[in-house]
Amino acid sequence: MSSEKSVSRRDFLVASGVAATTVAFSASSYARVIGANDRIRMGFIGAGGMGSGHIAACLALKDKDNLEFLGVCDCWKTRADEGAAKLSTKAFTDYRKLLESDVDYVTIATPEHWHSQMTIDALDAGKAVYVEKPMTHTIPQAQAVMKKAKETKRPLQVGVQAMSDDSYASAGEAIKRGVIGKVVQAQIEYVRRYDKQGPWRDPAVSDSTAQPADLDWNAWLGHAPKVDWNPHHYYEWRNYSRYSGGICTDLFIHRITRIMKACDLLYPRRVVGMGGIWQWPDGRDLPDNFEMICEYPRGMTVYVLGTMSNRVGIDHLIRGYRGTLYFTGSGWVAKDKDGKVLEQHEKTGGEDIHLHHTNLHRHLREGTPLNCPIDLGMAGVVAVNMANESWRSSTMMGWDAKAEKMVAASTLSLGHEPEEE
Ligand SMILES: NC(=O)c1ccc[n+]([C@@H]2O[C@H](COP(=O)([O-])OP(=O)(O)OC[C@H]3O[C@@H](n4cnc5c(N)ncnc54)[C@H](O)[C@@H]3O)[C@@H](O)[C@H]2O)c1
């Protein structure tokens, strides 16, 4: 069925999430319009670990969500071919060629250093985007993506899939109603205990691991500094700051976004990051154990613990003057200072990429709000980049709200009282 014929201008506007007065619609411009009964055409960029997860999830959703697959792209042709075979679709090695097709949206599951450019190119081509976390590698890149999304008015879902667990929005609503009183602090963690090779090392990879003949190494490097083939960079990119932010951008982004949603937080005021390469000094330039504290202008701090050497965690909770809200496996429970239950919530949904894709499908068709929209993606990138920069430079970082950039906190006149209430 031709979508252009079957769908009204209103549907297009709803799908784009913009007011009728702000967009000049032309049938020939940008992506096709998606109607309630139309197929959504998808493409996949990056077919490694997470890309394969998206391929499997979307295959499982194919009939229920009425999906059609137009291509799988990876700069390692073998991976593109394998992914494409699973979906009986075409393989690409150049993502720009995939963007020339009729896809409505693409998933981007490549290393962090590629997220911004691929997202911008996809938006420019009129496509909606599901980009893996972190939305981008750096803050200026997140700002460029934000600008492009505003310009193109195409939807962007950030792959923090826990946002499809309603616990955090529901906690936010309870906190707004004053269930735990004035909120002052939250704590959360991401802890793991890695085997002796350490975080993000693959025991099957050594200095002499050869470059696959059909892998385009220059395409993988993209805008990153040019280096000769390096198997550790390709297979273990999370250990190197030129491609990743390590614990902060890979793991903490999942956690801080939960607290941001529950406490209605955007950019932090001050951030410190501490930790080190305590246990695996093996050439990595990012910490293997890390903690961060973000202070927010509303007047609260968020502590995030992240050790990769020991998986004893701490409760995920939000402290208020009247009580404490604990996140549990099944939702959350708020208790007063004596342990009396004030309110509780059984979650619907979960930390699940199927739900996260379906949320985007509903957004495209019906205008259902996105569970992890660009603002949340951007605010997460700001927090974790400030923490990493604090660690790297041994400085407490501050957010210069006017200039919209991170600087040493000592160069700003930041207060110690809430700015918003
Ligand atoms: N949401 C989650 O729970 C979750 C879990 C794991 C990974 N991720 C995210 O998914 C992304 C990918 O991680 P991964 O573990 O799959 O990495 P990976 O290295 O296994 O896969 C990345 C793939 O991207 C391909 N690629 C790189 N540059 C490309 C280019 N220019 N054109 C086409 N293909 C290119 C690589 O060849 C590789 O196959 C990261 O952002 C990561 O943070 C998210």
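K.L.:
How do you make sense of the overall build of the chain when you look at a structure like this?
P.N.:
For the chain, the count of helices and strands is 13 helices and 16 strands. Across its three principal axes, the chain shows a C-alpha extent of roughly 60 × 55 × 40 Å. Counting only residues that meet the buried cut, the chain has 47% of its 421 residues in that class. Taking the intrachain contacts of the chain between residues at least 6 apart in sequence as the baseline, contacts between residues at least 24 apart amount to 69%.

K.L.:
Please explain the domain arrangement of the chain as it appears in this structure.
P.N.:
Many analyses report the size of an interface as the accessible area lost when the parts associate. You can read the domains of the chain as domain 1 (3-163) and domain 2 (165-198 + 243-344 + 375-411). Its C-alpha centre places domain 1 at a distance of 29 Å from the equivalent point of domain 2. Counting from both sides, the interface comprises 17 residues of domain 1 and, opposite them, 22 residues of domain 2. Broken down by element, the side of domain 1 that touches domain 2 gets its largest block of residues, four residues, from helix 7 (residues 139-152). Class assignment for the residues of the side of domain 1 that touches domain 2 results in 10 nonpolar, five polar and two charged.

K.L.:
Explanation requested: the sheet that holds strand 2 (residues 67-73) in the structure shown.
P.N.:
Sheets are built from strands that pair by backbone hydrogen bonding, the pairs being arranged parallel or antiparallel. The parallel open sheet is built from six strands, whose spatial order is 3-2-1-4-5-6. Looking along the sheet, the strands with just one partner apiece sit at the ends: strand 3 (91-92) and strand 6 (156-159). This element, helix 3 (residues 49-61), spans strand 1 (40-45), strand 2, strand 4 (105-108) and strand 5 (128-132) of the sheet and lies at about 160 degrees to strand 1.

K.L.:
How should the site of the ligand be read in this particular structure?
P.N.:
In the region of the ligand, 26 residues are neighbours, and G46, G48, G49, M50 and E132 sit closest. Secondary-structure elements contributing two or more residues to the shell around the ligand are helix 3 and helix 9 (217-221). When residues of the shell around the ligand are assigned to their parent elements, the largest contribution, three residues, is made by helix 3. Of the residues assigned to the shell around the ligand, the class counts are 12 nonpolar, eight polar and six charged.

K.L.:
For this particular structure, what's the right way to read the nonpolar core?
P.N.:
Across soluble globular proteins, nonpolar side chains have a tendency to be buried as a group. If you look at the biggest cluster of nonpolar residues, it comprises 97 residues, and the most contacted ones within it are V129, F252, I256 and C263. By residue number, the principal contributor to this core is helix 13 (residues 374-393), which donates 11 residues. Residues from two domains meet in this core; each of domain 1 (3-163) and domain 2 (165-198 + 243-344 + 375-411) gives at least three. Core analysis: the second largest hydrophobic core is formed by nine residues, W220, Y234, Y243 and L286 among them.

K.L.:
Explanation requested: the pairing of strand 4 in the structure shown.
P.N.:
One face of the sheet, then the other: side chains in a regular strand alternate in exactly this way. Here strand 4 shows two buried faces, one formed by Y105 and T107 and the other by V106 and I108. Strand direction decides the pairing type here: strand 1 and strand 4, joined by four bridges, are parallel. Paired with F44 across the two strands is T107, which belongs to strand 4. Each parallel crossover has a hand, and for strand 4 linked through helix 6 (residues 115-124) to strand 5 it is right-handed.

K.L.:
Would you mind going over helix 8 (residues 167-176) with me for this structure?
P.N.:
Each α-helix turn comprises 3.6 residues. Residues three or four places apart therefore point the same way. Considered for burial, the residues of helix 8 that qualify are S167, Y168, A171 and I175. All buried residues of helix 8 project into a common sector of 90 degrees when viewed along the axis, lining one side. Looking at the buried residues of helix 8, the elements they touch are strand 7 (183-189), helix 11 (247-263), strand 12 (323-328), strand 13 (331-336) and strand 14 (341-346). Just downstream of helix 8, G178 is the residue with a positive phi angle, here 90 degrees.

K.L.:
Any chance you could explain the sheet that holds strand 15 (residues 397-400) here in plain terms?
P.N.:
The strand order across the open sheet built from 10 strands is 14-13-12-11-7-10-9-8-15-16, with neighbouring strands paired in mixed fashion. Taken across any chain shown, the strands that pair with only one partner, and hence form the sheet edges, are strand 14 and strand 16 (405-408). Ignoring which end each strand starts from, the neighbouring axes of this sheet average 15 degrees apart. Note that strand 7 and strand 10 (residues 300-307) share five bridges and pair parallel. Note that in strand 10 the partner of Q187 across the bridge is Y303. Contacts from helix 13 reach strand 8 (270-276), strand 9 (289-296), strand 15 and strand 16 within the one sheet, and its direction differs from that of strand 8 by about 55 degrees.

Quick notes on the rules
Residues numbered from 1 in each chain as written. Predicted model: local features only at pLDDT ≥ 70, side-chain atom pairs only at ≥ 80, totals over all residues. Helix = DSSP H or I, 4+ residues; strand = E, 2+ residues; numbered from the N terminus. Buried ≥ 20, exposed ≤ 12 C-beta atoms within 10 Å, placed from the backbone. Contact = placed C-beta atoms within 7 Å. Domains from an automatic or database assignment. Nonpolar A, V, L, I, M, F, W, Y, C, P; charged D, E, K, R; others polar. Pairing = 2+ DSSP bridges. Axes fitted to C-alpha atoms, helices over the stretch in contact; angles between N-to-C directions. Near = placed C-beta within 6 Å. Core = buried A, V, L, I, M, F, W, Y, C linked by C-beta atoms within 7 Å. Right-handed = clockwise from strand over helix to strand, strands pointing away. Arc of directions from axis to C-beta.

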